[in-house]
Amino acid sequence: MRFVKTLPLLLSLSAALGSACAWALPSDREQPIRVQADSAELDDKQGVAVYRGDVIITQGTLKITGDTVTITQNAQGEIEIFTSVGKPAYYEQKPAADKQIVQAYGLTIQYFAASERIVLIDQAKVIQEGNTFEGEKIVYDTRRQIVNAGRATGAQVSTPRPRIDMVIQPKNKPADQQAQ
């Protein structure tokens, strides 16, 4: 593995995380990215960076953790996929200044930069403003703001869940409507 010429890979990581998703606080893109890990293996020729050992990636309110985080880029140096694997891997980000942090868990979390999709696989769970979504697999299309949850077909799952489980909190009514 080569450990030289890592600046393009790190800049690509910055661009990918900076465009992270609709769950993102807009100012997060302007913040520096910090990667902490026990070890890093960077291969510019293959376009792969692998961080191992209690990996923590932060940028503004964005936080991604896992036992291993792998980042792959295409020939043009653009991030294609980042994959976080953990027990569980974890993602959090504040979508707006007046919103609560969105939390996501899964044994595997993948972010597909070009299509702006986050995929949570195996023991997948998303918590947003008290609402929870749980299942074998959750796919969040951040561009269209569409969530799909269901079976993780074609993937080995440690805890099979044939059905999804959602808890949706009631909307709070304004005080003047409650008084009527």
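Residues numbered from 1 in each chain as written. Predicted model: local features only at pLDDT ≥ 70, side-chain atom pairs only at ≥ 80, totals over all residues. Heavy atoms only, no water.

- Naming follows an unreviewed UniProt entry, where the protein appears as Lipopolysaccharide export system protein LptA of Pseudomonas benzenivorans.
- The UniProt entry for the protein carries this comment under Sequence similarities (unreviewed entry): "Belongs to the LptA family."
- Check the Subcellular location (unreviewed entry) section of the UniProt entry for the protein; it says "Periplasm". (UniProt positions renumbered as here; feature names shortened; annotations may be inferred.)

### Regarding the overall build of the protein
And then number 1: Counting its regular elements, the protein contains two helices and ten strands.
And then number 2: Put simply, the protein runs from its N terminus to its C terminus through helices and strands in the order α-β-β-β-β-β-β-β-β-β-β-α.
And then number 3: The 180 residues of the protein split such that 39% are buried.
And then number 4: Looking at the protein alone, contacts between residues at least 24 apart form 44% of all its contacts between residues at least 6 apart.
And then number 5: Surface exposure of the protein reaches about 10,200 Å², of which carbon and sulfur atoms provide 49%. (Helix = DSSP H or I, 4+ residues; strand = E, 2+ residues; numbered from the N terminus. Buried < 20%, exposed > 50% of the residue type's maximum accessible area, 1.4 Å probe, protein only. Contact = heavy atoms within 4.5 Å. Areas by Shrake-Rupley, 256 points an atom, 1.4 Å probe, with all protein chains shown as cover.)

### Quick notes on the nonpolar core
As a rule of thumb, nonpolar side chains are buried together in soluble globular proteins.
And then number 1: Ile 71, Tyr 91, Leu 120 and Val 126 are the most contacted members of the largest nonpolar core, which has 24 residues in total.
And then number 2: For this core, the elements supplying multiple residues, two or more each, are strand E3 (48-59), strand E4 (62-73), strand E5 (79-93), strand E6 (102-112), strand E7 (117-128) and strand E8 (131-141).
And then number 3: If we ignore the near neighbours within four places in the chain, the residues touching Leu 120 are Ala 104, Tyr 105, Thr 108, Ile 109, Lys 125, Val 126, Glu 136, Lys 137 and Ile 138.
And then number 4: Among the nonpolar cores identified, the runner-up in size contains five residues, and Phe 112, Val 119, Ile 121 and Val 139 belong to it. (Core = buried A, V, L, I, M, F, W, Y, C linked by side-chain atoms within 4.5 Å.)

### A short note on the packing of aromatic side chains
And then number 1: Applying the stated criterion across every chain yields a total of two aromatic pairs.
And then number 2: Judged by centre distance (5.0 Å) and plane angle (50°), the ring pair of Tyr 90 and Tyr 105 falls under tilted. Of this pair, Tyr 90 sits in strand E5 while Tyr 105 sits in strand E6; the two residues are 15 residues apart in sequence, bridging distant segments of the chain.
And then number 3: The ring of Phe 112 carries the charged tip of Arg 117 above its face, separated from the ring centre by 4.7 Å. (Phe/Tyr/Trp six-rings, centres within 6.5 Å; stacked < 30°, edge-to-face > 60°. Lys NZ or Arg CZ within 6 Å of the ring centre and 35° of its normal.)

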